[in-house]
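# Architecture and fold: a report
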Amino acid sequence: MCRSIKTLRPPQLAEEATEEEIRAAALQYVRKVSGFRAPAAHNREVFERAVDAVAEATAALLGGLEVRGQGAVGGGG
């Protein structure tokens, strides 16, 4: 696990994760998996699509998680 990716759900965060925090975590994940801190020009599009996909999946996960005693994280329930 990439050490710079922080947990984005309560109680680790007092409030819901922001889009910026979710995107930053997605970027760190894609960097770790790809082995590139910044992609070359010919890989930039696929790199950005991967970040978008991971951010979307992360937002969906956080929106659907239920933390005991707190209901759905992300206002989903």
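Anyway, here's the lowdown on the structure attached to this text.

Quick notes on the rules
Residues numbered from 1 in each chain as written. Predicted model: local features only at pLDDT ≥ 70, side-chain atom pairs only at ≥ 80, totals over all residues. Heavy atoms only, no water. Helix = DSSP H or I, 4+ residues; strand = E, 2+ residues; numbered from the N terminus. Buried < 20%, exposed > 50% of the residue type's maximum accessible area, 1.4 Å probe, protein only. Contact = heavy atoms within 4.5 Å. Areas by Shrake-Rupley, 256 points an atom, 1.4 Å probe, with all protein chains shown as cover. Salt bridge = Lys/Arg side-chain N within 4 Å of Asp/Glu carboxyl O. Expected span 1.5 Å × (residues − 1). Arc of directions from axis to C-beta.

## Things to note about the overall build of the protein
- Looking only at helices and strands, the protein features two helices and two strands.
- Each helix and strand of the protein, ordered N terminal to C terminal, gives the series α-α-β-β.
- In the protein, which comprises 77 residues, the proportion classed as buried is 25%.
- Excluding contacts between residues fewer than 6 apart, the proportion of contacts in the protein whose partners are at least 24 apart in sequence is 49%.
- Accessible surface computed for the protein: about 5700 Å², of which carbon and sulfur atoms make up 52%.

## A word on the pattern of salt bridges
- Applying the stated criterion across every chain, the model contains three salt bridges.
- The residue Glu45 makes a salt bridge to Arg49 at a minimum N-O spacing of 2.8 Å. With a gap of four residues between them, Glu45 and Arg49 both fall in helix α2 (residues 44-64), about one helical turn apart.
- Each of the salt bridges in this network shares a partner with another, and the network as a whole consists of Arg23, Glu48 and Asp52.

## Let's talk about the environment of Ala50
- Take Ala50: it is sitting in helix α2.
- Separated by 16 residues in the primary sequence, Ala50 and Ser34 have C-alpha atoms spaced 10.0 Å apart.

## Digging into helix α1 (residues 19-34)
- Its 16 residues give α1 an end-to-end C-alpha distance of 22 Å, which sits within 8% of 22 Å, the value for a rise of 1.5 Å per residue.
- Considered for burial, the residues of α1 that qualify are Ile22, Ala25, Ala26 and Val30. An end-on view of α1 places all buried positions within 135° of arc, on one side of the element. Relative to its buried face, α1 has exposed residues pointing more than 90 degrees away, namely Glu20 and Lys32.
- Where the residues of α1 are buried, they touch α2.
- Count one or two residues on from α1 and you reach Gly35, which has phi positive near 85°.

Shape descriptors only; they carry no functional weight alone.
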